[in-house]
Amino acid sequence: MADQQTSLEFSRNVARAQSDADLQSALEKLQRDTRLARPVITGRLPEFEALRDRAVAIKNHTLAHLDHYLEQFETNVTEAGGHVHWCNDAAGARDTILQICRDTGAKTVGKGKSMVSEEIHLNDFLIENGLEVVETDLGEYILQLREETPSHVVMPAIHLKKEQIATTFRDHHTELDPSRPLDAPSDMTEEARIKLREKFLAADVGITGANMLIAETGSIVVVTNEGNGDLIQTLPRVHIVIAAIEKVVPRIDDALSVLRILARSATGQEITCYTTFATGSKREGDLDGPEEFHLILLDNGRTKLLEGEFRDVLCCIRCGACQSACPVYGAVGGHAYGGVYGGPIGAVLTPALDGIENAWTLPEASSFCGSCEAVCPMRIPLPRLMRRWRDIAHREKLNKAGTRRGLALWAWAAKRPKLYRAGARIALSVLRGLGGRRGSLRRAPLAGGWTAFRDLPAPEGGTFVDQWQKSRRTQVRK
Amino acid sequence: MSNAPDDATRVGLFATCLVDLYRPSVGFATARLLEAAGCDVDVPAAQVCCGQPAYNAGDRANAAAIARQTIDAFKGFDYIVAPSGSCAGMLRHHYPDLLADDAVYANRARAVADKTWELIAFLVDVRGWAGIDARWPGTVTYHDACSGLRELGVKDQPRRLLEHVDGLELRELDAPDVCCGFGGTFCVKYPEVSGAMVDNKTDDILQTGAGTVLAGDLGCLMNIAGRLSRRGETVEARHVAEVLAGIADGPAISGVR
C-alpha cells in the first residue's frame, strides 16, 4: 500500500492534502457539483422528506429485531441453495473467504465495489495468499492500479483528475499503443472495459458487497452504474457476498423505499443504472448465475454498537452524502482521515472500528456545521455522535494536555461570574491596548491558532453587561 | 426601567460571551430591537457563557455546571433571547440533553429550552414584528450561520426584516449556507482547515461586490472579519442586529476606529 496515512496524524495529513493542487481542484468540483445537484433532486420529489422518515423507521424497526431478521434471512438464503457464514471479526471473514476460494480451486477473483471488503482489508490478504484479485468497478480498478484506497464511499477515485487517470492507464496498460488518445473520459472507460472484460471471463470467484439483504426472500440487492456488479456475480462459478449485519431489511417493499433515497443522496441520480436483486445459486433451468452462492455476514463490532449510544450509525446506507456535503472533507479529502471511511461518517465509525485511542482526532475535525446531518437520508445525528466520541476522548484524557489545561482554566473562571467579570475587564483593556487604533491584532497572546490565518478583531472596550448595568442605573436615577 | 407597559413580555437578554466581551454594541442593538417590539428587557449580571466550549470539547461536567448557572441566572423571564443562533441553539437543544439525568435541573432545562429564542427568529416568529426604523445606504450580503440555520431554522427571517431597511440592497452569496469555518474551538484546533473554509467564504463575499457582510452570530463574524482584514480587504462585517436597530454607525468588526 502506498504510504497509508493514519488518523492520529490528521493535522499532518491536512498539510499534505492542502499542498496537492490536483486534489484541491478535484474537491472543489465535487463540492460545486454537490451543491448544485441537491436542490434539484430533492425538489423534484415532494415526498423526499417523508421517504427519509420511512427509511429511518424501517432501519430502526430492523435494528430492534435484528436477530429475528438475520435468522429469517439465513433460512431463506439456505433454502435458495446458498450458504451463510457468520463471522465475528475481520480475520474470521478473511479466513472464511480464503477457504471458499481454496475449496473451489480458484486462482482469479473478480471483485465488485465493496466498502466492507476495504474494512477487512480483503484484497491484500487474498493476494498474499496467492490469489489474483481484480477490482471491476472502474474507480476501484483505477485505485488498484495506483495502489490507493477509496477516498469516498460511492465515488472511490473522486480525488483524482482525469489527466492523472490517463497517466495511470498509460503506465499500466503498456501493451497498448502509447500514442492512443486518452483525453476524453469515454476513451478511458472504453479502455478499462476491454481490459476488464478479460478479467470477468477469467474469474473463478466473484466477490461483491450488498447494498441490502432482504430477510423475507434471502435476496441481496446490488446497485451499480457500470453493470460490473452483475457480470461479476453471474459469470464466475462461485459468488461470495460480504455484508455487515446491519444491511438486512425485512421485506422487498422496504428495500424499494431505501433505494428511492439511496441514489438520490449518493450521486443525485433518481436511480442507479443497474439495480440487481439476486437470490441464491443457479437453479435448474436458469440461464446464468453462480453454481455456488456464499454469504458472509460480518459483525466486526456492530453488535457492540447496537447496544450503546452509537446505535444510530448502524442506520447508515453508505451513500456518501455526508462526505460530499462536509466542508472539512471538502478541504482535505477522504484519505486525510486515515481510516477506511472519511468525512463525518468516518469520524464516527473509525473510532468504533480502530479504537478511539487511534482516532480521537477525527471527531474533533468538525466545525459542527450540521451539513452532514442535514443531508443524511437516514437522519443520523452525526454531530451528536462526534460529540459523544469527544466526551469519551476527554474522559480518557486522549486529547492534547495544553487544550485540556486551557479549557479547565476557562471553565474555572466561567463558573465564578464575579471573578470572570473582573478578569474580563483586565483582559479587555490589555487587548484594546494591543489593538491600538487599527481595530484588529495581527498577533495576540495565546491566540496563535487564530492569528495564523486571521486578524483578531479588537474589542470595543468594556463588557456589555457592565455597560448595561451602568446605563440602566443612570436611567433609574433620572 | 424601559418604556414598555407593566404587563409587557419580560425578556432576559442573553448577550453571549463574545458580544459581552467584544462587541457590546450588538447587545445594545438587541435590547433596542426587543424594546421596539414591545418587550421589557433585562440583562442578568450573573450570565457568562452558554458553556459550548466545554460541551463541544467533551467536558460534560463543566458544561453542565455552566448550564445550571445560566438557568439560575435567567429565572423569572417569559423568554430568553440571544443575538446568536449558536448560543440560543445550545440552550434550546443541548441543555435538555446535557442535564437529562439531573434530578433538579432536567425540568428546568426543558423549561428554559422552550422559552429560548434566537433574536431575529424571536422578533419575526414570536412577536410578528417588522417595525424596522433604520437606514443603511449600501449593498450587503448575508451569511447564514450554521446553528441558527440548521438547529433553529433561521433563514428567511433576517432577509424579511432587512427588506424594511431604507436604502439597503441585499446581494446573496453563492453559498450562503456553507460553514465559514469558525466552529468555536475548531478554528484554533485545526487552523489550516478552518483557514481554508473562511477563505472560501471570503471569496464568495468578494464576488458579490457588497460592501458589508452581515450575519447573526458574532463568532462567524469575527472569523470572517479577521480573514478579510488579514487579506487587506475593505469589506466590513457587522451583526445584522446593528443594521436593523439603526445603530450601525460606529466602526465595523475589525474596522478602523
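Residues numbered from 1 in each chain as written. Chains lettered and ligands numbered in written order. Predicted model: local features only at pLDDT ≥ 70, side-chain atom pairs only at ≥ 80, totals over all residues.

So what's going on with the interface of chain A and chain B? Which residues, and what values?
Each partner contributes residues to the interface: chain A has 56 residues there, and chain B has 61 residues. If one sorts the elements of the side of chain A that touches chain B by residue count, helix H23 (residues 464-477) of chain A sits on top with eight residues. (Contact = placed C-beta atoms within 7 Å. Helix = DSSP H or I, 4+ residues; strand = E, 2+ residues; numbered from the N terminus.)

So, the domain arrangement of chain A: which residues are in play, and what are the values?
Accessible area lost upon the coming together of the parts serves often as the stated size of an interface. As assigned here, chain A comprises domain 1 (1-44 + 320-399), domain 2 (47-303) and domain 3 (416-477). Relative to domain 3 of chain A, the C-alpha centre of domain 2 of chain A lies at a distance of 58 Å. (Domains from an automatic or database assignment.)

Describe the domain arrangement of chain B, naming the residues involved and giving the relevant values.
Residues and elements named next belong to chain B. The domain boundaries assigned to chain B delineate domain 1 (9-125) and domain 2 (131-244). A separation of 22 Å is found between the C-alpha centroids of domain 1 and domain 2. Listed as interface residues are 30 residues of domain 1 and, on the opposing side, 24 residues of domain 2. Of all the secondary-structure elements, those providing two or more residues to the side of domain 1 that touches domain 2 are helix H1 (17-22), helix H2 (24-36), helix H3 (52-55), helix H5 (85-98) and helix H7 (119-126). Looking at the side of domain 1 that touches domain 2 residue by residue, the class counts come to 16 nonpolar, ten polar and four charged. (Nonpolar A, V, L, I, M, F, W, Y, C, P; charged D, E, K, R; others polar.)

Please provide a residue-by-residue account of the pairing of strand S7 (residues 212-215) of chain B, values included.
Moving residue by residue along a regular strand, the side chains alternate between the two faces of the sheet. All names here are of chain B. With three bridges joining them, strand S5 (residues 135-142) and S7 adopt parallel strand pairing. Looking at S7, one finds that Val140 is bridged to Thr212. Here S7 runs beside strand S8 (residues 236-239); their pairing, made up of four bridges, is parallel. Bridge pairing in S8 links Val213 to Ala237. Handedness of the β-α-β unit built from S7, helix H12 (residues 218-230) and S8 comes out right-handed. (Pairing = 2+ DSSP bridges. Right-handed = clockwise from strand over helix to strand, strands pointing away.)

Go over the environment of Ala248(B) with me, naming the residues and quoting the values.
Its location among the elements puts Ala248(B) in the segment after helix H13 (240-244). Beyond its immediate stretch of four places on either side in the chain, Ala248(B) contacts Trp136(B), Arg238(B), Glu242(B) and Val243(B).

How would you explain the sheet that holds strand S2 (residues 108-111) of chain A if you had to name every residue and give the values?
All names here are of chain A. Reading across the sheet, the six strands line up as S1-S10-S7-S4-S2-S3 and stay open at both edges, with parallel pairing between neighbours. Lying at the two open borders of the sheet, with one neighbouring strand each, are strand S1 (83-87) and strand S3 (132-135). Ignoring which end each strand starts from, the neighbouring axes of this sheet average 20 degrees apart. As paired strands, strand S4 (residues 205-208) and strand S7 (residues 238-244) are joined by four bridges and run parallel to one another. Its bridge partner being in S7, Gly206 is matched across the sheet by His239. Strand contacts of helix H5 (residues 90-103): S1, S2, S4, S7 and strand S10 (292-298), with the helix running at about 170 degrees to S10, the strand carrying the most contacts. (Axes fitted to C-alpha atoms, helices over the stretch in contact; angles between N-to-C directions.)

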